[in-house]
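Structure at a glance
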There are 2 protein chains.
Amino acid sequence: MALPLLQVALDNTTLEDAINSVKLYGHIIDIVEVGTILHVAEGIQATKTMRELYPDKIVLDDIKGADAGKTLAELCFGAGADIMTAICSADINTMIAMKNVGSQYGEYKDVQVELYGDWTYQEAQQWYDNGITQVVYHRSRDAELAGKTWGPTDFEKIGKLCDMGFKVTITGGLKASDLHLFKEFPIHGVIGGRSIRNADDPAQAAQAFKDEIKRIWG
Amino acid sequence: MALPLLQVALDNTTLEDAINSVKLYGHIIDIVEVGTILHVAEGIQATKTMRELYPDKIVLDDIKGADAGKTLAELCFGAGADIMTAICSADINTMIAMKNVGSQYGEYKDVQVELYGDWTYQEAQQWYDNGITQVVYHRSRDAELAGKTWGPTDFEKIGKLCDMGFKVTITGGLKASDLHLFKEFPIHGVIGGRSIRNADDPAQAAQAFKDEIKRIWG
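Below is a short write-up of the structure. Each residue is numbered by its place in its chain's sequence as written, counting from 1. All chains are assigned letters beginning with A, and all ligands numbers beginning with 1, in the order in which they are written. Two thresholds apply to this predicted model, a pLDDT of at least 70 for residue-level local features and 80 or more for giving and counting side-chain atom pairs, whereas whole-chain, interface and lining totals are computed over all residues. With hydrogens and water set aside, each side-chain value is computed from the structure's full complement of heavy atoms.

**Details of the overall build of chain A**
Elements are defined by DSSP. Helices are runs of H or I of four residues or more, strands are runs of E of two residues or more, and each kind is numbered from the N terminus. The helix and strand inventory of chain A stands at ten helices and eight strands. The globule rule is 2.2 Å times the number of residues to the power 0.38, and the radius of gyration it is compared with is taken over C-alpha atoms. Against the compact-globule benchmark of 17 Å for 218 residues, chain A has a radius of gyration of 16 Å, which places it among compact chains. Along the three orthogonal principal directions, the C-alpha set of chain A runs to about 45 × 40 × 35 Å. When accessible area is computed with a 1.4 Å probe and restricted to protein chains, residues below 20% of their type maximum are described as buried, those above 50% as exposed, and intermediate ones as partly exposed. Taken across its 218 residues, chain A has 61% of its residues classed as buried. Pairs at least 24 residues apart make up 67% of the contacts formed inside chain A by residues separated by at least 6 positions. Note on areas: Shrake-Rupley with a 1.4 Å probe; residue coverage comes only from the protein chains shown. Per element, the accessible surface of chain A, about 8800 Å² overall, is 47% carbon and sulfur. Computed over 21 positive and 31 negative side-chain charges, the inter-centroid distance for chain A is 3 Å. Contacts are residue-level and defined by heavy atoms, with any inter-residue pair within 4.5 Å sufficient. None of His or the chain ends enter the tally, which takes Lys and Arg as positive and Asp and Glu as negative. Here the site of a charge means atom NZ of a Lys, CZ of an Arg, CG of an Asp or CD of a Glu.

Written out as structure tokens, the structure is:
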């Protein structure tokens, strides 16, 4: 299998901070993510800027769209994003609308469903059947702050989503030293955030993720 | 009971368009909403601008936050929003974090939960028990485009949410002529969007909503 891709979520509150941060490790990673926080702060300009800075990387726009899929997709893909996110509670028609706009921009354009709360496998099957084949399995940042950790329920869900055929990306306070927990799964992507952005040496931290990915899945 | 508040969702794709639009009817409405589309396009500057333009109106920031509640709330309330939205699939800790930040900015600051997909009454009770007492009952724009209309299931859910004590705001392609459908419920707010923004005479359209609200609930 292909190695899992390394994505870094730029959850900075200003574009200036995001640029200063990503310049340290952007050359090492596979996917530059305009995080929800950055997007809420700076709008679509953040997406345009990352597209300009990294013409050869995958740019992902984590807007977690819930509705008005066509208009949101025109904004995101129009600004150069390769992938945009939808929230799992969005109507299937919203996801389909995003996907349809994406396909007008190119075959690589894609939609990822962000899994929060009480989604069901029935819904997941509906996404898959409609060509929405990427999901992000998320340990909520706030759940994490409240002490919730990775556990058997997470691994069961991740395994089932992989078995269903989804490209599964994992995220939620991940450290390079956590990755071995997922070694039995054909993980599509790994999102690092604070553990890379806030490291003393962010480039070294990003490289540590890459090395660990290669060691486990290589 | 107090009359339902009239909110207009600014779902424009540029701030310039939003300003040109809201100036036509902002004096008539109760709540100026920075719609998700506008926020995705222009970022937090849109919120700051509406706060400056309408110092005496309620400004609502419809970001549909799913995670990182504290940081998102600091952005939204910090920019002058009175109300921000969370998506129903967010962890309860995300909503609580938003609410806590809001209370630091003033007693009127509030969090509204956007109801999409498969939320449960058990979750709703948990929101209410934690002081999250506003919800937006939403007919998805994309579901609407796919032909789904208001029906008995919607009315049953709206009634139950009102009975639980929630302040319920309704939205989703509403026209003034639809409002009578909800007359039996103590509706807290009514969101008009395209039917006001895109009217030949937006001020007249906003006034028609106000008049119909008064006629039904006055």
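More follows now that the structure is in view.
**Side note on the interface of chain A and chain B**
Between chain A and chain B, the residue contacts involve 35 residues of the former and 35 residues of the latter. When two components associate, each loses some accessible surface as probed by a 1.4 Å sphere; the sum of these losses over both components is called the buried area. Interface of chain A and chain B: buried area, both sides summed, is about 2800 Å²; carbon and sulfur atoms make up 59% of it. Any carboxyl oxygen of Asp or Glu that lies within 4 Å of a side-chain nitrogen of Lys or Arg is treated as forming a salt bridge with it. Linking chain A with chain B are zero salt bridges. Each polar contact in these results corresponds to two N or O atoms within 3.5 Å; when the atoms are within protein, one needs to be able to donate a hydrogen and the other to accept it, and residues that are neighboring in sequence are counted only if both atoms are side-chain atoms. On the surface where chain A and chain B come into contact, there are eleven residue pairs in polar contact (both at pLDDT 80 or more). For the side of chain A that touches chain B, the elements supplying multiple residues, two or more each, are helix 2 (36-42), strand 3 (58-65), helix 4 (69-78), helix 5 (92-105) and helix 7 (141-145) of chain A. Of the residues belonging to the side of chain A that touches chain B, the class tally is 15 nonpolar, eleven polar and nine charged. Amino acid classes used here: Ala, Val, Leu, Ile, Met, Phe, Trp, Tyr, Cys and Pro are nonpolar; Asp, Glu, Lys and Arg are charged; the rest, including Gly, are polar.

**What to know about the relation of the copies chain A and chain B**
The copies are overlaid by a least-squares fit using only the C-alpha atoms of residues whose pLDDT is at least 70 in both copies. Once turned by 180 degrees and shifted 0.0 Å along the axis, chain A lies on chain B with an RMSD of 0.0 Å. With respect to symmetry, the two chain copies, as superposed, fit the operation of a two-fold axis. Residues of chain A ranked by C-alpha distance from the rotation axis are headed by A:Gly43, positioned 1.8 Å from it. Counting the interface residues of chain A, we find that 100% of their copies in chain B are interface residues as well, pointing to one common contact surface.

**Considering the pattern of salt bridges**
All names here are of chain A. Evaluated as defined, the whole model comprises 14 salt bridges over all chains. In this structure, the salt-bridge partner of Asp82 is Arg51, at a minimum N-O distance of 2.9 Å. With Asp82 in the loop between helix 4 and strand 4 (83-87) and Arg51 in helix 3 (residues 44-53), this residue pair connects regions lying 31 residues apart in the sequence. Comparing Asp82 with Arg51 shows no difference in burial state: the two are buried.

**Brief notes about the packing of aromatic side chains**
Any Phe, Tyr or Trp ring, taking Trp's six-membered ring, that has another such ring centre within 6.5 Å forms a pair; planes under 30 degrees apart are called stacked, those over 60 apart edge-to-face, and the others tilted. Tallying each qualifying case throughout the model produces twelve aromatic pairs over all chains. Ring centres of A:Phe155 and A:Phe182 lie 5.5 Å apart, and the angle between their planes is 65 degrees; this geometry places the pair in the edge-to-face category. Taken together, the positions of A:Phe155 in helix 8 (residues 152-164) and A:Phe182 in the loop between strand 7 (167-171) and strand 8 (189-192) put the pair 27 residues apart, joining distant regions of the chain. Consider the rings of B:Tyr137 and B:Trp150, whose centres lie 6.3 Å apart with planes at 35 degrees: the pair is tilted. Highlighted residues: B:Tyr137 in strand 6 (residues 134-138) and B:Trp150 in the loop between helix 7 (141-145) and helix 8 (152-163), separated in sequence by 13 residues. In this structure, B:Tyr137 and B:Trp150 share a single accessibility class: buried. Among the aromatic side chains, those forming a connected cluster through ring pairs are A:Tyr137, A:Trp150, A:Phe155 and A:Phe182. Comment: the charge-over-ring label is applied if NZ (Lys) or CZ (Arg) is within 6 Å of the ring centre and within 35 degrees of the ring normal. The ring of A:Tyr121 has A:Lys160 lying over it, and the distance from NZ or CZ to the ring centre is 4.3 Å.

**Here's the deal with the sheet that holds strand 4 of chain A**
All names here are of chain A. Whether two strands pair depends on DSSP finding at least two bridges between them. The strand order around the closed barrel built from eight strands is 1-2-3-4-5-6-7-8, with neighbouring strands paired in parallel fashion. The sheet shows a mean angle of 25 degrees between the axes of neighbouring strands, direction not considered. Sheet topology note: the strand 4/strand 5 (residues 110-115) ladder contains five bridges and is parallel. Note on strand 5: the bridge partner recorded for Ile83 is Asp110. Along the sheet, helix 8 contacts strand 5, strand 6 (134-138) and strand 7; its crossing angle with strand 6, the most-contacted strand, is approximately 175 degrees. Think of each axis as a best-fit line through the C-alpha atoms, taken over the contacting stretch in the case of a helix, with angles from 0 to 180 degrees between the N-to-C directions.

**Here's the deal with the pairing of strand 2 (residues 31-34) of chain B**
Residues and elements named next belong to chain B. The side-chain alternation of strand 2 yields two buried faces, one formed by Ile31 and Glu33 and the other by Val32 and Val34. Considered for its hand, the β-α-β crossover made up of strand 1 (residues 5-10), helix 1 (residues 15-25) and strand 2 is right-handed. Pairing of strand 2 with strand 3 (residues 58-65), which is carried by four bridges, proceeds in the parallel orientation. Bridged to Ile31 within strand 3 is Ile58. Crossover handedness is defined here as right-handed if the route from the first strand over the helix to the second strand goes clockwise, with the strands pointing away from the viewer.

**What to know about the sheet that holds strand 1 of chain B**
Residues and elements named next belong to chain B. Read around the closed barrel, eight strands run 1-2-3-4-5-6-7-8, paired in parallel fashion. In this sheet, neighbouring strand axes are inclined to one another by 25 degrees on average, regardless of whether the strands run parallel or antiparallel. Each of strand 3, strand 4 (83-87) and strand 5 (110-115) touches helix 4 (residues 69-78); the most contacted strand, strand 4, lies at about 150 degrees to it.

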